[in-house]
Every structure is written in C-alpha cells, then in structure tokens.
Amino acid sequence: VMLCLCKSHVAEDQQFQWCEKVFGCLQKSGLKVTVLSTCPVTDYKTTESTHNLPVPFLKVVTTKQYKDSAPCSPLEQPNIVDGLPAAVMAHCQVWGVPAVFYQCFTDVTRLDSLTIEAFRPVLSCQSISRLATKTEKIEETLKKTVTTSQVQSNLYI
C-alpha cells in the first residue's frame, strides 16, 4: 500500500513527468490505483438545478481494466476530469493498470469533515475494504490531515 498525498499544484506541463516518476517506482503487476479528489459543485455540469443536489456528492470514473463495482454513479458527460487526477487516470489507462477516480463535488473551498464523510462509501469497495478494517484510525488520520492543511489566520470575528 502506498499513499501519495499531493499538497502542491503540479503544472500541466509537469504532470506527465510526475506520473512517470511515481509509477516508475512501482511494480505494475497486481497494481490497483484509487484517486480521491474534490472540486467545487459549481464545476459540475448538469441539466438539473444544482440547488437540488445533496452536496457533497461523489461521482466515479474508471479505466477499462477496473472491474470492481463502485459505490456511486459514473461522472456524466459533458463533465471532464482534469489536472493531476486526469494525468494519473490517463497513465493507468495507457499502461493497463486498473484505476478508479472518485470526484467529490462540494460547496466548500477547503477540505472539511463533511467532505471527508462523503468519501465513506469508498471504504466499502472491495479493493479498499481490507485496508479499512479500523475506520476510526482512518477517520482520525483524515481529521489530522484536515487540521494541518487549514491555513492559520489571525483574523477574529
């Protein structure tokens, strides 16, 4: 198991090299990739009003080689995946690596406990369930990640 948390922006022209570097260190046989990401609900394209959507919510994109079931519905067209998650998924598709991408659409700008809670269904997936036997430790780790990623401010209201 390898966890890769990318806290900084990776420029578009560097994403291919980033993937090559990370995946170059891994054995391809038996490899399964899970990508988790968040973005604003305003980026979600739908013919329905976004006011009726239960925010936050998950959508999924998989490579052809990924055969497990997903706990949420697929990301519909004309929505697209971009940035580093798209580069990782493209790399996996080209190299025949089973990969799944979970996009959480949220109405907050920073990762918070509600957004983390939206990822809970992912813990029931076959490829993750064996890793998630002690969910309280996972929740604790995720909460620490949220706390340390918050920018400290001296503005008091």
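Just so it is clear, the model here is predicted, and its values are computed rather than measured.

Draft legend 1. Structural detail: helix 2 (residues 83–95). Its 13 residues place the ends of helix 2 19 Å apart at the C-alpha level, agreeing with the 18 Å of an ideal helix rising 1.5 Å per residue. Of the residues making up helix 2, those classed as buried are Leu 84, Pro 85, Ala 87, Val 88, Met 89, His 91 and Cys 92. Against the buried residues of helix 2 lie helix 1 (15–24), strand 1 (33–40), strand 2 (57–62) and strand 3 (99–106). At the exit of helix 2 stands Gly 96, carrying a positive phi of roughly 70°.

Draft legend 2. Broad picture of the nonpolar core. Core analysis: the biggest nonpolar cluster contains 14 residues, and Phe 23, Val 33, Val 35, Val 88 and Cys 92 have the highest contact counts within it. Going through the elements one at a time, helix 1, strand 1, helix 2 and strand 3 are the ones with two or more residues in this core. The element contributing the most residues to this core is helix 2, with five residues. In contact with Val 88, not counting residues within four places along its chain, are Trp 18, Cys 19, Phe 23, Val 33 and Val 35. Ranked by size, the runner-up nonpolar core spans 12 residues in total, among them Tyr 102, Cys 104, Ala 118 and Phe 119.

About the cut-offs
- Residues numbered from 1 in each chain as written.
- Predicted model: local features only at pLDDT ≥ 70, side-chain atom pairs only at ≥ 80, totals over all residues.
- Heavy atoms only, no water.
- Helix = DSSP H or I, 4+ residues; strand = E, 2+ residues; numbered from the N terminus.
- Expected span 1.5 Å × (residues − 1).
- Buried < 20%, exposed > 50% of the residue type's maximum accessible area, 1.4 Å probe, protein only.
- Contact = heavy atoms within 4.5 Å.
- Core = buried A, V, L, I, M, F, W, Y, C linked by side-chain atoms within 4.5 Å.

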